[in-house]
Amino acid sequence: MKMENIRMPFKIKILLSVLCFLIYQPIFSFAGKVDLPRTGQTTCYNSSREAIECDGTGQDGDIQAGVEWPDPRFADNGNGTITDNLTGLIWLKNPSCMKWPKVNWDSAMEFVNGLANGSCGLTDGSIAGDWRLPNLVELESLVNLAVEGESPAEWLNNQGFTNVQSSEYWSSTTRTYYSGFSFLVGMNYGQVYHGIQFYEDYYFWPVRAGQTGTAETWQTGQKIVYANRDDGDIQAGMEWPEPRFNDNGDGTVTDKLTGLVWLKNANAAGTATRDQALEFCNNLSSGTHGLTDGSVAGDWRLPNRKELFSLIDYSQNSPSLPQDNPFENVQVSDYWTSTNLGYGSILNAWVINMEYGFVRSSYDKDPYVWPVRTGHTDSDAIIDFGSGTGLWARYNNTSWTKLHSLSPEIIATGDLDGNGQDDCVIDFGSGIGIYVLYNNTTWTKLHGLSAEIIATGDLDGNGKDDCIIDFGSGVGIYVRYNDQAWAKLHSLSPEIIKTGDLDGSGEDDCVIDFGSGIGVYVFYNNTLWTKLHSSSPEIMTIGDLDGSGQDDCIMDFGSGVGTYVRYNNTAWTKLHSLSPEIITAGDLDGNGEDECILDFGSGTGIWIRYNNTSWTKRHSLSPEIIETGDLDSNGEDEIIIDFGAGIGVYVYYKNASWTKLHSLSPESINTGNLDNN
């Protein structure tokens, strides 16, 4: 049965007009958020270039910030192309296949724009216009900064490419204000500088768009078009948020493109040696250098090369930062990174020049220091206050905004379009159906039927949440994959649907309770049904209680049996003999392990199982709703609790104090990052 053909007749057609009238559509545009990849570096050095233990150094090999590379990193497509599974880009397998592999910039642009199936070993069906010269960010993404004893080119040749040269390659990014120059990336060391377009000959490497990667590239900032299909023309990569930066008012600035938090004062330490730069960042804390952010020593670090590189706006010079940025005391000079030079020289680390955006290695005592720390995306609270009041969102823990006048039956959140921003999936009930609020801006109808259960999770592991919907008896469970196509998951209508990565594969598994007589099944890796338990639980939730990277399944089997946990997809362990009324999970202390929050009902109240080891009573009252989410963006989940009529909604902040959020008692509470902040 195709989902498009499932219909429920409206009793009165005017409901559609009423819905369209009531729907609020704010006029904003939001860009995505990129997840920066790791540099690949795992080794640390002392000032004499001797390898040392990394722990506690603050060097790139110690922190290893960023998204881990896929294994394998590259996939040979068997048609003259190779896909980079990290970025999703497709590269020509043999970049030196042409008669003159070294040419000036104009000739490189002309050749690449005409490249097509049948030349350079291509059997991919591509036509002229599919291929292009990569922009600077795309070309730099190929550099492995970890390799000892071999150049980036040699490493790439060992990954399946052929004839990659240990030399410089043209990018499509032209130097603003110096339009006769374009940027180069050296595959001999990994340096970034420029060449004269009409005069100098360098290698070039065609690329074309591919699939969604685990760490997508971002726009360089260049908007001016200097040549057909150059960087300013194509503007490939994730679009920057507008505004790009947020001044947090506490001595820090958040880059909304990457989520990183930077010290507002870009010259707090002056010039320094590399060791001094590392020490300064490792010891930086709130109360010094204008900081009032509550940070402690160890929160800050010297940025790695990818992190500092991500700040550069290649449409600007002196400094090469986005215009209207809120930073202070930016020096038009070199800044240290935590990334050591991996090949070819005793010079000890990479620096990035804030005048032109050049990337080079240095051992000088002149570079400046710019600390960074990991940012925390905050959760917005989505609350339905019922008929007559409607649906409201509490954004950034500061302001209430009405999302809709109607009171929905179901609310779920998930990043359906894979742009790093949660979408809100809402069932408005029979006669109206299911709508999605995409990117906090646009309402779109998902289906005309009203659902009994809605859940979200990335079942196929491609970075987009899939929408799992139970349409009830006679219709069953369907999945909306990749925000595009409906597929039937099961004919039965379940009692509970939850999602989580139970086996640590990187793909969410779907855990479904089909009720008494059937029990609980798991749909693993989007392929295989496996029975998890014969009993039908009363409550089920998912969370990583032991911090293993695999979600654990928590189930209440009712009075006389109690609550059990399925740890690491292997063994059942009894959590408590009592049968609770509510179970939820969240990382309340920010240590990477979810806490289990249980309401044991009137007379017992709310208890928390911290770090999978100890029970703590949190409140004597028994609530109506418990939800978790990081409302204040500090890396720790808050507990949001509705205590019912006459008391209202309270939040337990920073695992320490209660604050009233609202006097009304809602019908439902959800959390999600709707505004990409």
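The rules behind each value
Each chain has its residues counted from 1, following the order in which its sequence is written. Given that the model is predicted, a residue must reach a pLDDT of at least 70 before its local features are reported, and side-chain atom pairs must reach 80 or more before they are shown or counted; all residues, however, enter totals for whole chains, interfaces and linings. Side-chain metrics in this entry use all non-hydrogen atoms of the structure; hydrogen atoms and water are not considered. In short, DSSP must find at least two bridges between two strands for them to pair. Counting from the N terminus, the helices are the DSSP runs of H or I reaching at least four residues and the strands are the DSSP runs of E reaching at least two. Only protein chains enter the accessibility calculation, which uses a 1.4 Å probe; a residue whose area is less than 20% of its type maximum is buried, one above 50% is exposed, and one in between is partly exposed. Should any heavy atoms of two residues lie within 4.5 Å, those residues are counted as being in contact. Disulfide assignment relies on a single distance test, namely cysteine sulfur atoms paired within 2.5 Å. Here, nonpolar core refers to any group of buried Ala, Val, Leu, Ile, Met, Phe, Trp, Tyr and Cys residues whose side-chain atoms link them within 4.5 Å. A fitted line through C-alpha atoms serves as each axis, taken over the contacting stretch for helices, and the angle formed by two N-to-C directions is quoted from 0 to 180°. Here, a salt bridge means any side-chain nitrogen of Lys or Arg that lies within 4 Å of a carboxyl oxygen of Asp or Glu. An arc is given here, and it is the one of the directions from the helix axis to the C-beta atoms. Any N or O atom pair separated by 3.5 Å or less is treated as a polar contact, with the protein-specific requirement of one donor-capable and one acceptor-capable atom, and with residues adjacent in sequence counted only for side-chain atom pairs. Pairing of aromatic rings covers Phe, Tyr and the six-membered ring of Trp, with a centre-to-centre limit of 6.5 Å; geometry is then stacked below 30 degrees between planes, edge-to-face above 60, and tilted otherwise.

*Asks:* Explanation requested: the sheet that holds strand β12 (residues 245-247) in the structure shown.
*Replies:* Strand pairs in the sheet, formed through backbone hydrogen bonds, run parallel or antiparallel to each other. One open sheet accounts for four strands, arranged β12-β13-β14-β18; its pairing is antiparallel. The strands lining the two open edges of the sheet, one partner per strand, are β12 and β18 (372-373). Two strands pair when backbone bridges link them, and β12 and strand β13 (residues 252-255) are joined in this way by three bridges, in the antiparallel orientation. In the sheet register, D247 faces β13, and the bridge partner there is V253.

*Asks:* Would you mind going over unusual backbone geometry with me for this structure?
*Replies:* Among all residues except glycine, the phi angle is most often negative; among peptide bonds, the trans geometry is most common. Geometrically, the link from D71 to P72 is a cis peptide bond, its omega value of 10° lying close to zero. By the secondary structure assignment, P72 is in the loop between α2 (60-63) and β3 (74-76). For the peptide bond that leads from E242 to P243, omega is 0°, which places it in the cis range. In this structure, P243 sits in the loop between α6 (231-234) and β12. Positioned with a positive phi, Q235 is a non-glycine residue whose angle comes to about 50°. Within the fold, Q235 resides in the loop between α6 and β12. Assessed through its relative accessible area of 26%, Q235 is described here as partly exposed.

*Asks:* How do you make sense of the environment of P303 when you look at a structure like this?
*Replies:* On the secondary structure map, P303 appears in the loop between α7 (274-283) and α8 (305-309). Relative accessible area serves as the criterion here: at 0%, P303 is assigned to the buried category. Taking the C-alpha atoms as reference points, P303 and N611, separated by 308 residues in sequence, lie 30 Å from one another. When neighbours within four sequence positions are excluded, P303 is seen to be in contact with W262, L308, W336, T337, S338, W370 and V372.

*Asks:* So what exactly am I meant to see when it comes to the pairing of strand β22 (residues 410-414) here?
*Replies:* In regular strands, side chains alternate between the two faces of the sheet. Within β22, five of the five residues are buried, which leaves it mostly tucked inside the rest of the structure. By the alternation rule, side chains of β22 split into I410, A412 and G414 and I411 and T413, which are all buried.

*Asks:* What should I look at first to understand the state of the cysteines in this one?
*Replies:* By definition, a disulfide links two cysteine residues through a covalent bond between their sulfur atoms. In this structure the tally under the stated criterion is two disulfides. With its sulfur 2.1 Å from that of its partner, C44 forms a disulfide with C54. Between C44 and C54, the S-S dihedral sits near 110°, and the bridge is therefore right-handed. Pair noted here: C44 is in strand β1 (residues 44-45) and C54 is in the loop between β2 (51-52) and α2, with a separation of ten residues, a long-range link. In this structure C44 comes out as buried when scored by relative accessible area, which is 0%. With a sulfur-sulfur separation of 1.9 Å, C97 is cross-linked through a disulfide to C120. In this structure the cystine formed by C97 and C120 twists about its S-S bond by roughly 80°; its chirality is therefore right-handed. Separated by 23 residues along the polypeptide, C97 in the loop between β5 (90-92) and β6 (102-103) and C120 in the loop between α3 (105-114) and α4 (136-140) bring together distant segments of the chain. You can call C97 partly exposed: its relative accessible area is 26%. You can call C120 buried: its relative accessible area is 19%. Sequential numbering of the bridged cysteines in the protein chain gives the disulfide pattern 1-2, 3-4. No disulfide involves C281; its sulfur sits 15 Å from the nearest other cysteine sulfur, which is in C44.

*Asks:* How should the nonpolar core be read in this particular structure?
*Replies:* Here is a general trend for soluble globular proteins: nonpolar side chains tend to be buried in one another's company. The biggest cluster of nonpolar side chains holds 88 residues, and the ones touching the most others in it are L156, M187, W205, W218 and W370. Contacts of W218, omitting those with residues within four sequence positions, involve V34, L36, V137, A236, G237, M238, W240, L257, F309 and S310.

*Asks:* Help me out: how do you make sense of the sheet that holds strand β29 (residues 485-490) in this one?
*Replies:* If you trace the four strands from one edge of the open sheet to the other, you get β26-β27-β28-β29, paired in antiparallel fashion. Each edge of the open sheet carries a strand with a single partner, namely β26 (453-457) and β29. For this sheet, the mean angle separating the axes of adjacent strands, direction not counted, is 25°.

*Asks:* Mind showing me how you'd approach the pattern of salt bridges here?
*Replies:* Once the charged atoms of two side chains with opposite charge are near each other, the side chains can pair. Using the criterion set out here, one finds twelve salt bridges in the structure. A salt bridge links R132 to E138; its shortest N-O distance comes to 2.7 Å. Since its relative accessible area comes to 1%, E138 is described here as buried. Between D255 and R244 there is a salt bridge, with the nearest N and O atoms lying 2.7 Å from each other.

*Asks:* I'm lost on α7 in this one. Help?
*Replies:* For an α-helix the count is 3.6 residues per turn, leaving residues at separations of three or four pointing the same way. Burial in α7 covers these residues: R274, A277, L278, F280 and C281. End-on, the buried residues of α7 take up no more than an arc of 165°, which puts them together on one face. Those residues of α7 hidden inside the fold are in contact with β15 (334-336) and β16 (349-353).

*Asks:* How do you make sense of the side chain of N85 when you look at a structure like this?
*Replies:* Tracing the sequence through the fold places N85 in the loop between β4 (81-84) and β5. A distance of 3.1 Å separates a polar atom in the side chain of N85 from the backbone oxygen of P72. Excluding residues within four positions of it along the chain, N85 makes contact with P70, P72, R73, F74, A75, Q211, G213 and T214.

*Asks:* Whenever I open this one, the packing of aromatic side chains confuses me. Can you help?
*Replies:* Throughout the structure, instances matching the rule amount to 34 aromatic pairs. Aromatic pair F74 and F161: ring centres 5.2 Å apart, planes at 80°, arrangement edge-to-face. With a gap of 87 residues between them, F74 in strand β3 and F161 in the loop between α5 (152-157) and β7 (168-174) connect regions that are remote in the sequence. What makes F74 buried here is its relative accessible area of 8%. Owing to a relative accessible area of 2%, F161 belongs among the buried residues under this scheme.

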